[in-house]
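Single-letter residue listing:
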Amino acid sequence: MPTYRAPRGTRDLLPTETPLWTRLERLAADIAARYGYRRIETPVFEQTDIFERGIGEVTDVVEKELFRLAPRTEESESWALRPEPTAGIVRAYVQHGMRTWPQPVKLVQTGPMFRYDRPQAGRYRQFWQFDVEAIGDPGPAVDAEIIELGTHFYREAGLAGVEVLLNSIGDPACRPAYVAELAAYFEPHRAELPAIERGRLDRNVLRLLDSNDPAMAVINAKAPRITDRLCSACEEHFAAVRAHLDAVGVPYRLAPGLVRGLDYYTRTAFEFYVTGREGQQQALAGGGRYDGLVELLGGRPTPGIGFGIGLDRLVLALIETGVAAPAEAAPAAVVVGANPDDTIARLQVVTRLRAAGISSRAELGRRKLGKQLEAAARDGAHFAVILGDELTGGGVALRDLSAGTQKVVALTDLAREIERAHAAHRHGGGAA
Ligand code: HAM
């Protein structure tokens, strides 16, 4: 047993795993750019107040899962690691006066989030989200656009069988009456409620609906539905979101029980699942509209919508469904030498190749040539550049490791020669 291990609920992503992550991060950046989202980076910790106000004090994320940083004596503020990016991005929108920019401001961020959750498969204390936010557009078209972006991402990532669950959870016009009705519904069940839900009955009754306590499932099934209590403005908005989704051919399933676990949501709420997994609190992604959040964090009233895609769960789902991970990149060339001691010559040649943009490695140990060549083949390199007597005449031997052919090339032509043959090789063409 090693003395030190990664903290519980976290893990190392090893080079054997990261090619898949790199592919997904590049795809996320590429799709976000295609849809006009611009990159923003916010700190991984913020004032605790931003999360307490934004996400809500009576939520799992804040009550149970917030990684609070121990205050230092000289500081008066308290901070916490971000459990999600939306609150921080909205804080940045207000702080930098983005309301004067052309609206909506469309922002993307991909990075680690932190929740002190009970670790299990697909639930970590440090996990990654690909997050997009469109701030300053009341919808409904942008709601459909952002959901379509999500389905597009999963399609290009290669994950089949992803389902969108959709709901509307009302706004300050219709929600208070619904919440009162919900409280009246739960009241006779007070004694049966798990302790934490009993406490929430008086403080944030909506959260009872997304409880993951199995004891709540039966009671929740009979609870009144927000979808039946929407005001006409919310009803119209919801119908228009669906019409836009239908028009661009995005299938979805209505989920009247879906209320999301964070307090900032208004109207549109949605989650993505691997079909058939929605009962297991294993959403691939979740998001929705938050028309009150900018104001709550000190800005002028501004609508917004966004979602977060969990990358850890996507990776697990891709592996489960047998989607092949991309191979680790092999160097185009490995520089080896007949004289094991001449590391200077090998380092000089590889430095030249890299300066010319060629991914290459040199044998910097002092193994015999045969061993050096074996290692080059194991690396999956296309070429071995063999330094020997030819070097005195300004040449090296260039061996195509897959074709088994070899020729002498002038050092000055080496990079160009490798580039040409490597490109032909990548496109299925001939050898050196
Ligand atoms: P969320 O539903 O809390 O929403 O998280 C979004 C996604 O992050 C989840 O669907 C899941 O895939 C992933 N996730 C959450 N917690 C964990 C965990 N402990 N381990 C692994 N993956 C996890 C939000 O965070 C909102 N900020 C989404 C949003 C953006 N709404 C509007 N804009």
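Look above for the structure.
Rules and cut-offs
- Residues numbered from 1 in each chain as written.
- Predicted model: local features only at pLDDT ≥ 70, side-chain atom pairs only at ≥ 80, totals over all residues.
- Heavy atoms only, no water.
- Patch = residues over 30% accessible without salt bridge, like charges linked within 9 Å, V, L, I, M, F, W, Y side chains within 5 Å.
- Areas by Shrake-Rupley, 256 points an atom, 1.4 Å probe, with all protein chains shown as cover.
- Salt bridge = Lys/Arg side-chain N within 4 Å of Asp/Glu carboxyl O.
- Helix = DSSP H or I, 4+ residues; strand = E, 2+ residues; numbered from the N terminus.
- Axes fitted to C-alpha atoms, helices over the stretch in contact; angles between N-to-C directions.
- Parallel < 35°, antiparallel > 145°, perpendicular 65-115°, else oblique.
- Left-handed = near helix turned anticlockwise from the far one by under 90°.
- Contact = heavy atoms within 4.5 Å.
- Nonpolar A, V, L, I, M, F, W, Y, C, P; charged D, E, K, R; others polar.
- Near = heavy atom within 4 Å.
- Polar contact = N/O pair within 3.5 Å; in protein donor to acceptor, adjacent residues only side chain to side chain.
- 1 Å grid on protein atoms, 1.4 Å probe; cavity = no way out; pocket = protein on both sides within 12 Å on 5 of 7 lines; lining within 4 Å.
- Points joined across faces, edges and corners; volume = space filled by probe spheres on them.
- Pairing = 2+ DSSP bridges.

Draft legend 1. Here's a closer look at a nonpolar patch on the surface. A contiguous nonpolar patch, built from V44, F45 and L69 and spanning about 210 Å² of accessible area, is present on the exposed surface. The topology assignment puts F45 in strand 2 (residues 45-47).

Draft legend 2. Up close: the packing of helix 1 (residues 18-34) against helix 11 (residues 311-320). Their axes nearest at 11 Å, the elements helix 1 and helix 11 cross at an angle of 120°. The orientation of helix 1 relative to helix 11 falls into the category oblique. Crossing of helix 1 over helix 11 shows right-handed handedness. Across from L20, W21, L24 and E25 in helix 1, the residues of helix 11 making contact are L311, D312, L314, V315, L318 and I319. Looking at the contact of helix 1 with helix 11 residue by residue, the classes come out as eight nonpolar, no polar and two charged.

Draft legend 3. Focus on the environment of V44. Its location among the elements puts V44 in the loop between strand 1 (38-39) and strand 2. Linking V44 and G88, residues 44 residues apart in sequence, is a C-alpha distance of 8.8 Å. Residues in contact with V44, not counting those within four places in the same chain, are A80, L81, R82 and F114.

Draft legend 4. Main features of the site of the ligand. The full set close to the ligand counts 27 residues, and E84, T86, R115, Y124 and Y265 are the nearest of them. Within the backbone of L284, one N or O atom sits 2.9 Å away from an oxygen atom of the ligand. Between the ligand and A285 there is a distance of 3.3 Å, counted from an oxygen atom to a backbone nitrogen or oxygen. Expressed as a share of its isolated accessible area of 660 Å², the protein-covered part of the ligand is 95%. Put simply, the parts of the chain that give the shell around the ligand at least two residues each are strand 5 (126-135), strand 9 (285-289) and strand 10 (304-310). Grouping the constituent residues of the shell around the ligand by class yields 10 nonpolar, nine polar and eight charged.

Draft legend 5. Layout of the layout of surface pockets. If you add up the space inside the second largest pocket, you get close to 320 Å³. Considering the residues around the second largest pocket, the lining is formed by 16 residues, among which P172, D263, Y264, T266 and G292 are closest to the centre. Contributions of two or more residues to the lining of the second largest pocket are made by helix 2 (48-54), helix 6 (175-186), strand 8 (266-274) and helix 10 (293-296). Class assignment of the residues belonging to the lining of the second largest pocket gives a composition of six nonpolar, four polar and six charged.

Draft legend 6. Just the sheet that holds strand 7 (residues 253-254), in detail. Strand order across the open sheet formed by eight strands is 1-4-5-10-9-8-6-7, with mixed pairing between neighbours. Bordering the open sheet on either side are strand 1 and strand 7, each of which pairs with just one other strand. Here five bridges tie strand 8 to strand 9, and the two strands are oriented antiparallel to one another. Opposite A269, over in strand 9, you have G288 as the bridge partner. Set on the sheet, helix 5 (residues 141-157) makes contact with strand 4 (105-114), strand 5, strand 6 (162-168), strand 8, strand 9 and strand 10; between it and strand 10 the angle comes to about 15°.

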